[in-house]
Amino acid sequence: MIRPHTASSITLALAVASAPAVLAAQEAEAHGELGEERPGHVRNAAKPHHLSVFVGGTHIDEEDETAVTIGVDYEYRVSDLLGLGFVVEQALGEIDSTTVLAVADIHLIHGLAVQVGPGIEFVDDTEFAIARLGMLYEVELGDHFTISPQFHYDLSEAEDAIVFGVAVGRAF
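Everything numeric here is computed off the predicted structure, so don't read it as measured data. (Residues numbered from 1 in each chain as written. Predicted model: local features only at pLDDT ≥ 70, side-chain atom pairs only at ≥ 80, totals over all residues. Heavy atoms only, no water.)

**Observations regarding the overall build of the protein chain**
Link 1 in the chain: In terms of regular secondary structure, the protein chain is built from one helix and nine strands.
Link 2 in the chain: Secondary structure elements of the protein chain, listed N to C terminal, follow the sequence α-β-β-β-β-β-β-β-β-β.
Link 3 in the chain: Of all 172 residues assigned to the protein chain, the portion counted as buried reaches 43%.
Link 4 in the chain: Counting contacts in the protein chain only where the partners sit at least 6 residues apart, residues at least 24 apart contribute 48% of the total.
Link 5 in the chain: Carbon and sulfur atoms form 64% of the exposed surface of the protein chain, whose accessible area is close to 8500 Å². (Helix = DSSP H or I, 4+ residues; strand = E, 2+ residues; numbered from the N terminus. Buried < 20%, exposed > 50% of the residue type's maximum accessible area, 1.4 Å probe, protein only. Contact = heavy atoms within 4.5 Å. Areas by Shrake-Rupley, 256 points an atom, 1.4 Å probe, with all protein chains shown as cover.)

What follows is the structure, encoded as structure tokens:
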């Protein structure tokens, strides 16, 4: 479990970092600008499905363990602001866990998104409830391909974890 002050610091940092983007998104929505194409902004109105492959790491602070993590992320873009989907990740090596999440991606502005959702973590023969709070920055590379650096904080009954890495995907 990550220390309570560490969890609070990460949560506060995510909130402070996303506040300007939330305000800007609200301002843009009020002026009808969210539907406009902007450089670096992924707009999937014509292609609402997005599938990506994630490669990164999972770190458990209390155990001082870090493992290579691979995963798959699917999102259905409900609107310019909201996407719903799932994440499946496998931490390999010392941590050896599988995480399955139902997530909401809140697309704030210019590719910046907050990802939140509940899930289940499987470690050995035990299941734990988990909740994810994270941020990602999605950039369109052309022909509907994307790349997105990501940083997530997973709150778990067992041990909290920091998940970080990059996803490469395609809208369709």
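**Things to note about the layout of surface pockets**
Link 1 in the chain: By volume, the largest pocket amounts to about 170 Å³.
Link 2 in the chain: Contributing to the lining of the largest pocket are 13 residues, with I60, I95, S97, V123 and E159 lying nearest its centre.
Link 3 in the chain: Residues belonging to the lining of the largest pocket are distributed by class as follows: five nonpolar, two polar and six charged. (1 Å grid on protein atoms, 1.4 Å probe; cavity = no way out; pocket = protein on both sides within 12 Å on 5 of 7 lines; lining within 4 Å. Points joined across faces, edges and corners; volume = space filled by probe spheres on them. Nonpolar A, V, L, I, M, F, W, Y, C, P; charged D, E, K, R; others polar.)

**What about the environment of H152?**
Link 1 in the chain: For H152, the position within the fold is in strand 8 (residues 145-156).
Link 2 in the chain: It is 9.3 Å that separates the C-alpha atoms of H152 and T58, two residues lying 94 residues apart in sequence.
Link 3 in the chain: Setting aside residues no more than four positions away along its own chain, H152 makes contact with Q115, R132, L133, G134, M135, A161, I162 and V163.
Link 4 in the chain: Within the local environment of H152, its side chain forms a polar contact with the side chain of Q150, the two groups lying 2.8 Å apart. (Polar contact = N/O pair within 3.5 Å; in protein donor to acceptor, adjacent residues only side chain to side chain.)

**Observations regarding the packing of aromatic side chains**
Link 1 in the chain: Taken as a whole and assessed by the stated rule, the structure comprises one aromatic pair.
Link 2 in the chain: Looking at R170, its charged tip hangs above the ring of F145, at a distance of 5.1 Å from the centre. (Phe/Tyr/Trp six-rings, centres within 6.5 Å; stacked < 30°, edge-to-face > 60°. Lys NZ or Arg CZ within 6 Å of the ring centre and 35° of its normal.)

**Overview of the pattern of salt bridges**
Side-chain pairs of opposite charge can arise where the charged atoms are in close proximity.
Link 1 in the chain: What the rule picks out here adds up to three salt bridges.
Link 2 in the chain: Residues E89 and R132 are paired through a salt bridge, measuring 2.8 Å at the closest nitrogen-oxygen approach. Here E89, found in strand 3 (residues 82-91), pairs with R132, found in strand 6 (residues 126-137); they are 43 residues apart in sequence, far enough to count as distant.
Link 3 in the chain: Judged by relative accessible area, E89 falls into the buried class, the value being 5%.
Link 4 in the chain: Its relative accessible area of 3% is what places R132 among the buried residues.
Link 5 in the chain: Of the charged contacts, one joins D154 and R132 as a salt bridge, the two residues approaching to 2.8 Å between their closest N and O atoms. (Salt bridge = Lys/Arg side-chain N within 4 Å of Asp/Glu carboxyl O.)

**Looking at a nonpolar patch on the surface**
Link 1 in the chain: Taken together, L51, V72, F86, V88, V100, I120, F122 and F172 make up a surface patch of nonpolar side chains, about 600 Å² in accessible area.
Link 2 in the chain: Those elements that provide at least two residues to the nonpolar patch are strand 3 and strand 5 (112-123).
Link 3 in the chain: Residue placement: L51 occurs in strand 1 (residues 49-60).
Link 4 in the chain: Residue classification places L51 among the partly exposed positions, given a relative accessible area of 41%. (Patch = residues over 30% accessible without salt bridge, like charges linked within 9 Å, V, L, I, M, F, W, Y side chains within 5 Å.)

**Regarding the pairing of strand 3**
Link 1 in the chain: With nine bridges joining them, strand 2 (residues 65-77) and strand 3 adopt antiparallel strand pairing. Counterpart to D73 in the pairing with strand 3 is V87.
Link 2 in the chain: Two successive antiparallel strands, strand 2 and strand 3, enclose a turn made up of four residues.
Link 3 in the chain: Relative to strand 4 (residues 97-109), strand 3 runs antiparallel, the two sharing 10 bridges. Bridging from a neighbouring strand, V87 pairs with L101 of strand 4.
Link 4 in the chain: Count of turn residues in the strand 3/strand 4 antiparallel hairpin: five residues, of which G93 carries a positive phi of about 90°. (Pairing = 2+ DSSP bridges.)

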